[in-house]
Amino acid sequence: MTRLSLVADRHPLASTDEQKRRLRTLPLVKSFDDAIGGTAFGPRLRATGVEVFQINVGRKCNQACHHCHVDAGPDRTEMMPDDVVDATLRVLEGSSIPTFDITGGAPELHERFEEMVERGARAGKQVMDRCNLTILRTQRYAHLPAFFAKHRVEVVSSLPYYDESGTDAQRGDGVFEKSIEAMRALNAVGYGVEGSGLVFTLVANPVGAFLPAPQKSMEADFKRQLKRKHGVEFTRLITITNMPISRYLEWLDRSGNTEPYMNRLVSAFNPATVAAVMCRNTISVGMDGRLFDCDFNQMLDLGVHAAAPQTIFDWDQRLLDQREIVVENHCYGCTAGQGSSCGGATA
Amino acid sequence: MSEHNHYYDPADLKKFGEVGKNAKELGEKFFSWYGSVFAEGALSEREKSLIALAVAHAVQCPYCIDAYSNDALEKGANLDQMTEAVHVAAAIKGGAALVHGVQMRNIVTKKTM
């Protein structure tokens with residue numbers, strides 16, 4: 001049976017207010033705000049600039065992963081409208097921000113996805129596509145590996161584990177097998193192949209309520225196992241900690257893991273991770289053009305600080321470069337253990 | 001035994017650090033050594049975690065089983081590997097019992113015609 005989004009299920013946690021209430025009322029020994037206050041980055045965490053321009057183009061996805069922080073799925077239809085796409089690409093093209101990071105849902109399902117990639121690449125940006133892999137096995141999108149290679153796009157794809165049971169438990173039945181097929185298609189055009197310069201990054205996040213294993217050792221395991229058992233290659237692996245929001249929060253609640261998991265994140269708070277957390281050098285653009293410190297804040301409807309411009313339509317990078325970051329208790333997810341960000345471990 | 005009246009309380013695991021109470025210097029030495037034991041060395045952190053998990057089962061310590069089930073997951077081990085580790089512990093425990101049968105056999109051989 002296809003899993004429904006929290007929205008389609010009319011689940012209370014489909015409401016961002018309910019998610020925030022849940023996270024704010026957990027009996028933690030210390031709020032994240034206080035934890036940051038006790039570090040060299042306190043009392044308020046601030047941005048260091050904008051080096052990554054990340055846009056979330058919509059909620060529609062061909063998968064419905066159990067842990068999805070976007071609550072994306074085949075039943076969602078919301079996509080970034082044309083006026084926001086136009087404004088977003090104008091800002092990107094007029095800026096010196098080096099990295100253009102496209103995410104979703106499945107971003108490839110946006111009607112103007114290829115135009116976004118082409119214009120980003122033409123503007124000299126390093127374009128990243130957060131691709132779920134299985135989309136590449138559908139007839140309509142089978143041409144994308146070659147398209148990505150042409151524009152030197154970095155393909156960033158989730159694969160929580162190097163075997164079928166771990167992957168399918170989190171991402172749905174049959175996803176592992178299709179992901180391997182998609183990896184073969186990417187390898188065939190040079191992705192992950194040494195010397196090609198085409199970067200294929202895998203993202204591994206825990207299949208459950210625990211912290212990711214050390215990134216380097218996981219990368220070595222994945223490389224060995226995927227090559228040996230399936231003959232596929234990738235460039236690098238990054239680990240990401242599951243963020244206690246949206247569908248993952250719903251699973252934590254349902255499995256009785258919410259408090260133990262949050263306590264684990266709090267107990268593993270590592271000040272050494274803070275310097276490189278993604279919110280400090282990223283701006284996240286929402287479907288409606290609103291600006292956020294990261295994709296997680298976007299999903300909790302926590303816009304950028306009031307002193308910074310609020311939407312893509314009133315972009316002012318000088319103000320965004322030095323903005324105060326909006327933090328809540330979910331931010332423990334990025335600062336636990338080895339740290340976690342869209343670029344992987346930070347410590 | 002009721003749920004609230006038993007020898008082993010999962011919440012007590014968090015009190016592990018208190019074993020140094022009344023013996024501060026010994027406690028500090030223990031935890032310093034303990035930390036070094038589990039650091040990456042000739043064996044990886046994951047291998048050490050799986051050994052710890054196996055030993056936890058052999059000594060039947062519920063605190064240790066809790067701690068090292070979680071730790072092994074966070075070191076990237078999967079349930080297949082963890083289950084095999086428990087079987088290693090069981091094999092050694094079982095083998096240890098069985099090999100004592102030699103002693104039993106020696107005694108019986110000596111005592112009987």
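What counts, and where the lines are drawn
Residues numbered from 1 in each chain as written. Chains lettered and ligands numbered in written order. Predicted model: local features only at pLDDT ≥ 70, side-chain atom pairs only at ≥ 80, totals over all residues. Heavy atoms only, no water. Helix = DSSP H or I, 4+ residues; strand = E, 2+ residues; numbered from the N terminus. Rg over C-alpha atoms; globule rule 2.2 N^0.38 Å. Buried < 20%, exposed > 50% of the residue type's maximum accessible area, 1.4 Å probe, protein only. Contact = heavy atoms within 4.5 Å. Areas by Shrake-Rupley, 256 points an atom, 1.4 Å probe, with all protein chains shown as cover. Lys, Arg positive; Asp, Glu negative; His and termini not counted. Charge placed at Lys NZ, Arg CZ, Asp CG, Glu CD. Polar contact = N/O pair within 3.5 Å; in protein donor to acceptor, adjacent residues only side chain to side chain. Core = buried A, V, L, I, M, F, W, Y, C linked by side-chain atoms within 4.5 Å. Pairing = 2+ DSSP bridges. Axes fitted to C-alpha atoms, helices over the stretch in contact; angles between N-to-C directions. Disulfide = S-S within 2.5 Å. Expected span 1.5 Å × (residues − 1). Arc of directions from axis to C-beta. Domains from an automatic or database assignment. Buried area = accessible area lost by both parts, 1.4 Å probe. Salt bridge = Lys/Arg side-chain N within 4 Å of Asp/Glu carboxyl O.

**Side note on the overall build of chain B**
Summing up its helical and strand segments, chain B has five helices and zero strands in all. The N-to-C order of helical and strand elements in chain B reads α-α-α-α-α. By the compact-globule yardstick of 13 Å for 113 residues, chain B is too spread out, its C-alpha radius of gyration being 19 Å. With respect to the principal axes defined by its C-alpha atoms, chain B has extents near 60 × 35 × 35 Å. Relative to its full complement of 113 residues, chain B shows a buried share of 19%. The contacts in chain B between residues at least 6 apart in sequence include a share of 46% that link residues at least 24 apart. Accessible surface for chain B amounts to roughly 8,500 Å². Of this, 63% is attributable to carbon and sulfur atoms. The averaged location of the 14 negative side-chain charges in chain B is 12 Å from the averaged location of its 12 positive side-chain charges.

**Side note on the overall build of chain A**
What chain A contains, in helices and strands, is 14 helices and eight strands. Taking 20 Å as the expected radius of gyration for a compact globule of 347 residues, we find that chain A reaches 19 Å, a close match to that expectation. Its C-alpha atoms put chain A at 50 × 45 × 40 Å along the principal axes. By residue count, 60% of the 347 residues in chain A fall in the buried class. Of the contacts formed within chain A by residues at least 6 apart in sequence, a portion of 74% connects residues at least 24 apart. For chain A, the exposed area adds up to about 13,700 Å²; of that, 50% sits on carbon and sulfur atoms. Counting 39 positive and 43 negative side-chain charges, chain A places the averaged centre of each group 3 Å from the other.

**Description of the side chain of A:Thr258**
Residue and element names in this part refer to chain A. With respect to the helices and strands, Thr258 occurs in helix α11 (residues 258-267). At 2.5 Å, the side chain of Thr258 forms a polar contact with the side chain of Asp253. Every residue in contact with Thr258, bar those within four places of it in the chain, is listed here: Arg22, Leu26, Leu249, Leu252 and Asp253.

**Notes on the nonpolar core**
Nonpolar side chains in soluble globular proteins tend to be buried together. Counting residues in each nonpolar core, the largest one holds 101 residues, and the members touching the most others are A:Phe53, A:Met183, A:Phe222 and A:Leu226. Sort the elements by how many residues they give to this core and helix α4 (residues 82-94) of chain A lands first, with six residues. The contact partners of A:Phe53, leaving out residues within four places of it in the chain, are A:Thr88, A:Val91, A:Leu92, A:Ile97, A:Thr99, A:Phe100, A:Asp101, A:Ile283, A:Val285, A:Ile312 and A:Trp315. Among the nonpolar cores identified, the runner-up in size contains ten residues, and B:Ala52, B:Ala54, B:Tyr68 and B:Met82 belong to it.

**Comments concerning the sheet that holds strand β6 (residues 236-239) of chain A**
Residue and element names in this part refer to chain A. Strand order across the open sheet formed by eight strands is β6-β5-β4-β3-β2-β1-β7-β8, with mixed pairing between neighbours. Only two strands of the sheet have a single partner each, and these edge strands are β6 and β8 (291-292). Where helix α9 (residues 215-230) meets the sheet, its contacts fall on β5 (200-204) and β6, and the angle it forms with β6 comes to roughly 135°.

**A closer look at the state of the cysteines**
Tallied over the full model, the rule gives one disulfide over all chains. Each sulfur in the disulfide pair B:Cys61 and B:Cys64 lies 2.4 Å from the other. Taking the torsion about the sulfur-sulfur bond, which here is approximately 75°, the covalent link between B:Cys61 and B:Cys64 counts as right-handed. Sulfur of A:Cys68: no disulfide; nearest cysteine sulfur belongs to A:Cys65 and is 6.3 Å away. Take A:Cys68: its relative accessible area is 14%, and that puts it in the buried class.

**Here's the deal with helix α4 (residues 79-99) of chain B**
Spacing of three or four residues puts side chains on the same side of an α-helix, whose turn is 3.6 residues. Residue and element names in this part refer to chain B. An ideal rise of 1.5 Å per residue puts 30 Å on 21 residues; α4 measures up with 30 Å between its terminal C-alpha atoms. All buried positions along α4 are accounted for by Met82, Ala85 and Ala89. For α4, the angular spread of buried residues about the axis comes to 60°, placing them on one side. Set apart from the buried face of α4 by more than 90 degrees, the exposed residues are Leu79, Asp80, Glu84, His87, Ala91, Leu98 and Val99.

**Here we look at the domain arrangement of chain B**
Residues and elements named next belong to chain B. According to the domain assignment, chain B contains domain 1 (12-41) and domain 2 (44-113). Spacing between the C-alpha centres of domain 1 and domain 2 amounts to 23 Å. Each side of the interface is counted separately: domain 1 has nine residues, and domain 2 has eight residues. Buried surface at the junction of domain 1 and domain 2, both sides included, amounts to about 730 Å², of which 55% is carbon and sulfur. When the buried area of domain 1 at its contact with domain 2 is split by residue, Leu13, Phe38 and Glu40 rank highest and sum to 68% of it.

**Remarks on the pairing of strand β7 (residues 282-285) of chain A**
Residues and elements named next belong to chain A. The alternating pattern of β7 places Thr282 and Ser284 on one face and Ile283 and Val285 on the opposite face, and all of these are buried. Pairing geometry for strand β1 (residues 52-56) and β7, over four bridges, is parallel. When the sheet's bridge partners are listed, Gln54 is paired in β7 with Ser284. A loop of five residues connects β7 with β8, the two strands running antiparallel in sequence, and Gly289 in this loop sits at a positive phi of about 90°.

**Some details on the pattern of salt bridges**
Residues and elements named next belong to chain A. Summed over the entire model, instances satisfying the criterion amount to 30 salt bridges over all chains. In this structure, Arg254 engages Glu250 in a salt bridge whose closest nitrogen and oxygen atoms are separated by 2.7 Å. You can see Arg254 and its partner Glu250 sitting in helix α10 (residues 246-254), four residues apart, about one turn around the helix. The exposure class assigned to Arg254 is exposed, which follows from its relative accessible area of 51%. Taking relative accessible area as the criterion, Glu250 reaches 10% and is therefore assigned buried. The network of salt bridges with common partners includes Asp82, Asp86, Glu93, Arg112, Glu115 and Arg119.

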